Amino acid sequence: MKELLTYIVQNLVDNPDEVSVTEHKADGETVFEVRVADGDMGKVIGRQGRIVKQIRILMRAVAQKKGKKVSVEILD
């Protein structure tokens, strides 16, 4: 799932080499932390958070098929 999230975010931004996705477990849930270049933050979040919301929905759907719980956080 980390690879899928990385692929999606890299295709949204201008600087795909600066995309970093880290994964850790918290309270029985997998948390993905996404870091991008400063200028690319808006492209990942989108207007009124629409893009990041859709990314979270997609990742939850993939995780649900595997019987897992995930969350996606966008970090500065």
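Our structure is the block above this text.
The sections below set out a description of the structure shown in this document. Because the structure is a prediction, the values reported are computed rather than measured.

## Here's the deal with the environment of K43
Position of K43 relative to the elements: it lies in helix α2 (residues 41–45). Spatially, the C-alpha atom of K43 lies 21 Å from that of E23, the residues being 20 residues apart in sequence. Every residue in contact with K43, bar those within four places of it in the chain, is listed here: L12, V13, D14 and I51. Of the polar contacts made by the side chain of K43, one reaches the side chain of D14; its length is 2.3 Å.

## Concerning unusual backbone geometry
Backbone geometry places D27, a non-glycine residue, at a positive phi of 55 degrees. Its place among the elements puts D27 in the loop between β1 (20–26) and β2 (29–35). Of note, Q48 is a non-glycine position whose phi angle comes to about 55 degrees, a positive value. As for its placement among the helices and strands, Q48 is situated in the loop between α2 and α3 (50–65). By relative accessible area, which is 73% here, Q48 ends up exposed.

## Describing the packing of helix α1 (residues 2–10) against α3
The interhelical angle for the contact between α1 and α3, taken along N-to-C directions, is 160 degrees, at an axis separation of 11 Å. If you check the angle between α1 and α3, you find them roughly antiparallel. Crossing geometry of α1 relative to α3 is assigned as right-handed. On α3, the residues that touch L4, L5 and I8 of α1 are I55, L58, M59 and V62. When the residues that make up the contact of α1 with α3 are grouped by side-chain class, the tally is 7 nonpolar, no polar and no charged.

## A look at a negative patch on the surface
Judged by side-chain charge, D17, E18, D38 and D76 come together as a negatively charged surface patch. Looking at D17, the relative accessible area reads 79%, which means it is exposed.

## Things to note about the pairing of β2
By the criterion of burial, β2 is predominantly enclosed, with 5 of the 7 residues buried. If you look at the hairpin formed by β1 and β2, you'll find 2 residues sitting between the two strands, and D27 has a positive phi there, around 55 degrees. Direction of pairing for β2 relative to strand β3 (residues 70–75): parallel, over a ladder of 6 bridges. Counted as the bridge partner of V34 is I74 from β3.

Reading guide: rules and limits
Residues numbered from 1 in each chain as written. Predicted model: local features only at pLDDT ≥ 70, side-chain atom pairs only at ≥ 80, totals over all residues. Heavy atoms only, no water. Helix = DSSP H or I, 4+ residues; strand = E, 2+ residues; numbered from the N terminus. Contact = heavy atoms within 4.5 Å. Polar contact = N/O pair within 3.5 Å; in protein donor to acceptor, adjacent residues only side chain to side chain. Buried < 20%, exposed > 50% of the residue type's maximum accessible area, 1.4 Å probe, protein only. Axes fitted to C-alpha atoms, helices over the stretch in contact; angles between N-to-C directions. Parallel < 35°, antiparallel > 145°, perpendicular 65-115°, else oblique. Left-handed = near helix turned anticlockwise from the far one by under 90°. Nonpolar A, V, L, I, M, F, W, Y, C, P; charged D, E, K, R; others polar. Patch = residues over 30% accessible without salt bridge, like charges linked within 9 Å, V, L, I, M, F, W, Y side chains within 5 Å. Areas by Shrake-Rupley, 256 points an atom, 1.4 Å probe, with all protein chains shown as cover. Salt bridge = Lys/Arg side-chain N within 4 Å of Asp/Glu carboxyl O. Lys, Arg positive; Asp, Glu negative; His and termini not counted. Charge placed at Lys NZ, Arg CZ, Asp CG, Glu CD. Pairing = 2+ DSSP bridges.

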